[in-house]
Amino acid sequence: MTKTIAIEGMHCQHCVGAVKEALAAVAGVTSIVVSLENNNAVVEGAGLDDAVLKTAVEDTGFDVTGIN
């Protein structure tokens with residue numbers, strides 16, 4: 001399963017690292033690519049729950065504007 005998370009508020013590589021670290025802690029996540037240029041994260045894994053992904057990102061201080 002692949003999810004693309006639209007994220008607002010990332011401005012630097014530190015932000016990218018914070019989002020990647022937060023998503024890595026979510027159960028079931030096997031791959032994460034965070035793009036500062038595209039303002040999103042593409043996450044792969046099994047049994048991924050949108051609400052859990054959203055909470056993980058928003059708890060780092062960024063806004064999730066959508067998950068596809």
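Everything numeric here is computed off the predicted structure, so don't read it as measured data.

Colleague: Residue-level account of the nonpolar core, with values.
Modeller: Core analysis: the biggest nonpolar cluster contains 20 residues, and I5, I7, V19, L23 and L53 have the highest contact counts within it. Looking at this core element by element, the count peaks at four residues for helix α1 (residues 13-24). For I5, the residues in contact, after removing those within four places along its chain, are L23, N39, N40, A41, V43, L53, V64, G66 and I67.

Colleague: Which residues make up helix α2 (residues 50-58), and what values go with them?
Modeller: Side chains that are three or four residues apart share a direction in an α-helix, a result of its 3.6 residues per turn. Among the residues of α2, L53, A56 and V57 are the ones counted as buried. Looking down the long axis of α2, one finds its buried residues gathered within 95° of arc, a one-sided arrangement. Those residues of α2 hidden inside the fold are in contact with β1 (2-8), α1, β2 (29-35) and β4 (63-67). Regarding α2, its N-cap is D49, as a side-chain oxygen of that residue lies 3.0 Å from the backbone nitrogen of A51 further along.

Here is what the cut-offs are and how they apply
Residues numbered from 1 in each chain as written. Predicted model: local features only at pLDDT ≥ 70, side-chain atom pairs only at ≥ 80, totals over all residues. Heavy atoms only, no water. Core = buried A, V, L, I, M, F, W, Y, C linked by side-chain atoms within 4.5 Å. Buried < 20%, exposed > 50% of the residue type's maximum accessible area, 1.4 Å probe, protein only. Helix = DSSP H or I, 4+ residues; strand = E, 2+ residues; numbered from the N terminus. Contact = heavy atoms within 4.5 Å. Arc of directions from axis to C-beta. Polar contact = N/O pair within 3.5 Å; in protein donor to acceptor, adjacent residues only side chain to side chain.

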